[in-house]
Amino acid sequence: MDKRSYNYIGKNIIRCDAADKVQGRFLYLSDEPFPNALVGVILMSPHANATVRSIDVSEAIGIEGVEILTYLDIPSVKYNSGEWFPGQEDFPDETILTGHARHVGDRIALVMAETEEKARKARDLVRVEYEIMPAVTVLETAADMAGTLHEDGEKSFEGSLCYGDIDQAFSAAAYIESDTIATPKVHHAAMETHSVLAIPRPGNVIEVRTPCQITFGVQHSIAQVLKIPLSKIRVIKANMGGTFGGKQEVVFEVLCAWAANKLKRPVFINTTREETILSTRTRAAVKGKVETAVDAEGLILGRRFELTVDAGAYLTGTKKLMIAMGKKASRLYRIPALSYTGSVVRTSTTPAGACRGYGSPQIHTITEIHTDLMCRRLGFDPVGFRLKNLLKEFEEDLSGGANIGKARVIECLKRGAESFGWEENITPKVSRGRFFTGIGFACCTHGNGYYKTKYHDFSNMSLKILEDGSAILRASIHELGSGATTALAQIVGEVTGIDVSKITVTETDTQFTSYDSGCQASRVIYVCGECARLVSEAAVKMLTQEASKLLDKPVRFSQGSLVCEGKRLEIGGTVREIMKKRRVSIEANFEHRPEMNPASFGVHFAEVTVDKLTGLVKINRYLAVHDIGQAINESFVRGQIYGGIQMGIGMALCEELPYDSNGMPKARNFDKYHLINAPDMPDSEIILIEDGEPGGPFGAKSIGEISTVPVSAAIVNAVNRALGSSLTDLPLTPAKIVEAVADLKK
Amino acid sequence: MNEGSNGNKELTMIVGVIFLKIELKVNGKLRRAEVEASERLIDLLRQKLGLVSVKEGCGAGECGACTVLMDGEAVCSCVVPAFQTDGHDILTVDGLEENGELDVIQQSFIDCDAVQCGFCTPGMIMSAKALLIKNPSPSREEIRTALAGNICRCTGYTQIINAVETAAERIGECRR
Amino acid sequence: MKGLFAPQSIKEFLALLAECGKNEKHLIAGGTDWLIKTRGNLSEEAVLFDLSKMPELRGIENKESFLRLGSMETMTSIHSSGVIRLHATALSDAAASMGSVQIRNRATVGGNLANASPAADTPSALAVLGASAVVFSLSGRRVLSVEEVLGPCPNKNTLSDSDIIMEFCIPLRKEYVSAFKKIGSRSEVSIARVNMAVSARYEDGNFSDARVFIGTLGSAAKRCPSAETALSMETSLREQSFKDALCEFAGQMIPGRSTLPYKKSALMALAEDLLEMLEERGRASEKSGEKSHG
C-alpha cells in the first residue's frame, strides 16, 4: 500500500482524551474518593538502615475510625517487585511492610482513616523506636556491608555475558582505550504521585485499581503474597498521570490489596511528592569501566565492561536490568568479541527499578561518552569511526539476540550530521573569555519487545464491529499518556475503514481483557500495534465471509469498504443484518506472537555553550534523528521525542538523588530535585526516517523509550568537546564543570 | 481569644478545631466556606468545592500543577492559605469555558497536541491564561518564562509552547 | 491555633498584639513559606495575623528623597514598577529573578526579609540600596537598616515575632547605578547558589562610593568592603581586583566549606556580569541625561 494513500497512518489524529484533559475532567485515582474507603498513608522510616525496637500505636489507634497495620501483622512472604510472571525467580527480598527499614522511606506501617488528613494526623502519633545501623551508601563497599542491610547472606548479584574471543581481540588490538563512567540515580518525576485503590468484591475477589504498566504482573505479585488464585484478583489499570517506568514494578499495590482483604474494606493509598521520591522506585545508578580494543583502522575488535549497578534497598528488577544492559551492548556497533560483567549491589537508598529505557540510557551513555573520548585520544573522527562500526540492516546480533532488522542508524547519523552542520561546527568557539561552545552527538538503539529474550512476548485482542458500524478493540493496553490507545485506533481504522472517532480501544482489566505482556520493553506499538492490525484483518475477513453468506453473493473488502457486485455496502447495516438473520456477531480474536524483535535507532546532536565560571550549560541547538520505521501518529512521535530530550538533559546536567553518608536523601521534593523547565529547554529539531520495519504495523517500531537514550551522552560529549574536558561522572553539575575547568588549567 | 475580638474574621469552633468563615468568588460564582487556619487553597478547591481539576504534584509551589488564577494572577494553590482568598476571585480551568465553548487556549492545547498524560495540563493552561491576559502577543521566550513554574515530564514543553503561541495568534486574529 | 486576626491598620495590629500576650505569634504575608513550614503542625497556642488587609503595608511611592515601598508589595508588583526599575534597579532585578511567576505573585518583599533564608534574593538588593525598614512593635516605631535587620546569624534575623515591617525607605541617590544577579542551578526558578548586589556612583566609566552585598555566604547579605574599594579603582585594574576581593572574602566567610571553590568561581562570573550591567546602565543614564538613582 502506498504510504500517501493512508487514511489514518502517519496522520496527526487528536488523542481521544485530549478534550477531557484540557477541561480538567480526566480524573486520576486521587480525584475520585471511593465510597467508604479507608485512606491509607504509610509510616515511613526516617532512617536509612534501622531495625524497629518498638512500635506503639496505642494513641493513634485510639482515634475513632483509625486502623493501623504494621510489619508485625504481615504475611511473611518475600517477593520481588520486578517479577511480573510466575516462576521468573527474581530473588525475593522485600516484604509489604518491614521491621528492618533499609532506606529512608521504607514501609513500617499503614495508617488508615476515613480521610487522608486524619490518617496523617494519626500517623504522627505512632511512636517508633529504632535501633540505627550504619548506612550503606557507597557502591564500592556495598557488597562488603551487605550483611548489615539484609539477612539473606547475598552480597551481590552477578551476571555476565560473553561471546567471541575477547582475549584474542585485546591482544590483537592496535589500541586499547578505557574510561570509567557513572550515571546517576534519577527520580521518574511523573507529575501524578503514586496511589492505588483496592476493593474487596463479592466472590472473594479483590479489585485493584492502579495506574500501572503491567496489570498481569500486579496480579501475579498480589497472588504470590496473599496466596490466593489469580482468578480472584482483578487488576484494572487506572488513569495514569505519567510513569516513565516508575509505575512499572509493583510498589504499593500488594500492600493495599492485602490491607483491603484483611479489613474487608476498600483501601486507598495516597502519597505526597516526598513520599513518592523516597519510597517508590528510581533509575538505577551505574558505575563502571568500559574498555575497547580497536585496530589501526579504527575497527572495533572487542569490548569489555565491568559495571556495578545500584539496586537501592531491595534487589527489585535491577538484576534483570543489569542483564538487559549487557544484552543491549551488542546491538549498536559490530563488536566481534564482547565480555560483560555486571554486579548488582544493594544500598540503603530508595530502591531502583525500571525507568524509561530499562538500562539503555545507562549503557549507551557509558559507551557513547567513552567512544567520543576514545576517538579524541586516538585522533579518530567520531563520525567516521562510528560509521565504520555501526550495524547495517539485517545484521545479526552477535550475542545471539534477535536479528537487528531494517537498521537505519547509518542514515540517521549521515542525515543528522549533514543537517546539523557537524563538519562546519566541529571546532569549539570561545566568546567573551568564558563561554565555550561545542557540539556533540550520540547514537543509540533500543528494542521492540521481548522476542528472543528469556521473556515471553505475545498479545491477545479481539475486535468487535458493532451493529452501527462502530468498533471496540478489546485490548490489554496501558495508556500512559503517550497516546497508545489513539494510535491503536488509527491502526484499526486504517484496516477496517471505520472512522477513528467511532473506535474505542479499551485499557487493561485482567478480568475482561486478554493476556498481554504489558507496557514494557518498548513493545506496545510493534507488538500490540501489530496485534491490533492483525485482529482487524481477522474481523474484516469474518465480516466479509459472513456478508457473503448473508447475501449469498461474493463480498470483498476493498479500500476500507465492503463491496458486493461493484456496490458499496454500509458496514453497520451489514453487521445488523448478519446479527439478525445469521445470529452471528462480528467479533474476531487474535493472538499475536511476534517472530521478530528488531532494533529502533536514534542519533541526537547538541550544541552547547558552557559558562566556565558558573558551570552552567546552555543548549543552543538540538537535533534528534530517529529510525522509527513508520510514524503511526507523527505528532505523538514528536511528543515522545521532545519529552525524552527533557528527561535526558536532566540526567546529563542536573537530575540526581544524592544521599549523605548517613543515607539521608538530600533531595526530597522539586525544590532541590530540579527538572529541566521551559526556559532551559531548547526548541529541538526532529528528523524521522521511515523506511518501514518488517513485522511492525504498517512498518512502525518503538519510540517512547529510545527517545531519551542518546540525550545525556550527546550533551556530555558536547560539553567535553567545548571545554576539552573528559567529564564522565553524571550529572555534570555546575560545581563539577567548574572543578574540571580548574583541573584543565593545571 | 473569644469570638468578636478577632479583627474582621469570623471564627467558629467545631470539635476543638477553629474554622474561619470566608466568602470568595470561584469561577464567577460566590462561594462560602469554612476553612481551617492552615488549610491550603488547593484543599478548599478540591475537597470542599469539588474542583478536582486542580492537581497536586508537589505541595511546595515548585511544579505548578495546582496553578489557579487569583484576581487574574497565577498562583500555586498549594501554597496559598485558604483564608487569604476571602473576598478574592479564583479561576480554575473549570471556569474557562464560555457558553459551552472551550477557551481558545484549551482548543489550542488540543490542536497542537500539547497534552500527554494530562496531569500538568490544567495548571499549564492557567499559567498560559494569566500570561495572555497580561500580554496577548508574547514571544516564545516570554511564554517560556511564564511557564517556568509549571513542570511537565511528558512533553518537553515544545508542543505546549506551540499551543500558547497558537492561542495568542488566534486571539490576535479575532481582534483584527 | 488560638485565633486569627486580619487587622486593617498598624494601630489595630498593635492593639491585637497587646491582647495576645505571650502566645506564639505568626505574621503571615504571602503565606507560601508559612504554609510549607507549619501545615499540619500549627501549635495550639499560636495566634495568626494575616497581614494582607493592611493598606499601610502597601504602595510604591516616590517621596523625592526616598522611595517608600510597602512591605506587602509582591515581587511581581516590584519588578513591574517603573519607579523601582528607575530608582532601585537592583531590587527590580532581584524581584524578577525570584521563583516562578506564581511565587512572584505571592511572595512579598517584607516576607522575603523576615523569613531570614540565607538564599533570599531581595535582602542583598535592599541592603545595597541602603534601604531601611520601618518596624512597629508594642514598644513603638523604629527604623532599622536592612543590615541591622539581617543581623550576624544565618537562618535568623534580629526581629522578634511581635515585630512587623511596615515599609522600606530606599534613599534616592542621583548618579548612582545598581544591579543584582544570582546564579542558581537553572536559568529560571531556582534557589540562588550565590547572589550579589552592587551599587555605585557612576561617572565617565568610573565607579565610586560603591556598595557590594553578597548573599548565600552563610546569610542573606554580607557586605564586602574590599570589593567596594576595588570597584573604585581605575578601569584597567578594576575587574581583576574586584574578583580577587570577592574570592578572598568568600574564603573568609565560609572557610573550608566544600562549596567554596564553586562559589568563588560563580562570584567571578557575577563580578563580570554585574560590572557589565552597571556600565551599561551608567552609560544609558548618562546618555539619556536623566540621571537614575541607586
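Above: the structure in question.
Residues numbered from 1 in each chain as written. Chains lettered and ligands numbered in written order. Predicted model: local features only at pLDDT ≥ 70, side-chain atom pairs only at ≥ 80, totals over all residues. Heavy atoms only, no water.

Caption draft 1: Inspection of unusual backbone geometry at higher detail. The linkage connecting Leu730(A) with the following residue, Pro731(A), adopts the cis geometry, with an omega of -5°. With respect to the secondary-structure elements, Pro731(A) resides in the loop between α19 (711–723) and α20 (734–745). Of note, the phi angle at Asp71(B) is positive, near 50°, even though the residue is not glycine. When you line up the elements, Asp71(B) lands in the loop between β4 (67–70) and β5 (73–76). Using a relative accessible area of 43% as the deciding quantity, one classes Asp71(B) as partly exposed. (Helix = DSSP H or I, 4+ residues; strand = E, 2+ residues; numbered from the N terminus. Buried < 20%, exposed > 50% of the residue type's maximum accessible area, 1.4 Å probe, protein only.)

Caption draft 2: View of the pattern of salt bridges. All chains considered together, the criterion is met by 87 salt bridges over all chains. Taking the shortest distance from any N to any O, the salt bridge between Glu537(A) and Arg533(A) comes out at 3.1 Å. Here Glu537(A) pairs with Arg533(A), and both are found in helix α16 (residues 524–551), just 4 residues apart, close to one helical turn. For Glu537(A), a relative accessible area of 40% translates into the label partly exposed. Close ionic contact of Lys48(B) with Glu39(B) constitutes a salt bridge, the shortest N to O distance being 2.8 Å. For Lys48(B), a relative accessible area of 39% gives the class partly exposed. (Salt bridge = Lys/Arg side-chain N within 4 Å of Asp/Glu carboxyl O.)

Caption draft 3: Seen up close, helix α18 (residues 634–653) of chain A. Residues and elements named next belong to chain A. Under the 1.5 Å per step criterion, the end-to-end length of α18 is 29 Å for 20 residues, consistent within 8% with the ideal 28 Å. Of all 20 residues that make up α18, 18 are buried, and the element is covered over most of its length. One side-chain oxygen of the residue at the start of α18 lies 3.1 Å from the amide nitrogen of Ser-635, identifying that residue as Asn-633. (Expected span 1.5 Å × (residues − 1). Polar contact = N/O pair within 3.5 Å; in protein donor to acceptor, adjacent residues only side chain to side chain.)

Caption draft 4: Representation of the packing of aromatic side chains in the model. Enumeration according to the criterion identifies 21 aromatic pairs over all chains in this entry. Taken together, a centroid distance of 5.4 Å and an interplanar angle of 20° make the contact between Phe441(A) and Phe605(A) stacked. In this pair, Phe441(A) is assigned in strand β20 (residues 435–446) and Phe605(A) in strand β28 (residues 600–611), connecting sequence segments 164 residues apart. Here Phe441(A) and Phe605(A) have matching classes, each one buried. By way of ring pairs, the aromatic residues Phe85(A), Phe216(A), Phe458(A) and Tyr515(A) are connected into one cluster. Above the plane of the ring of Phe636(A) lies Arg15(A), whose end atom (NZ or CZ) is 4.3 Å from the centre. The ring of Tyr176(C) is capped by Arg173(C), whose NZ or CZ atom sits 4.4 Å from the centre of that ring. (Phe/Tyr/Trp six-rings, centres within 6.5 Å; stacked < 30°, edge-to-face > 60°. Lys NZ or Arg CZ within 6 Å of the ring centre and 35° of its normal.)

Don't take any of this as a statement about function, it's just geometry.
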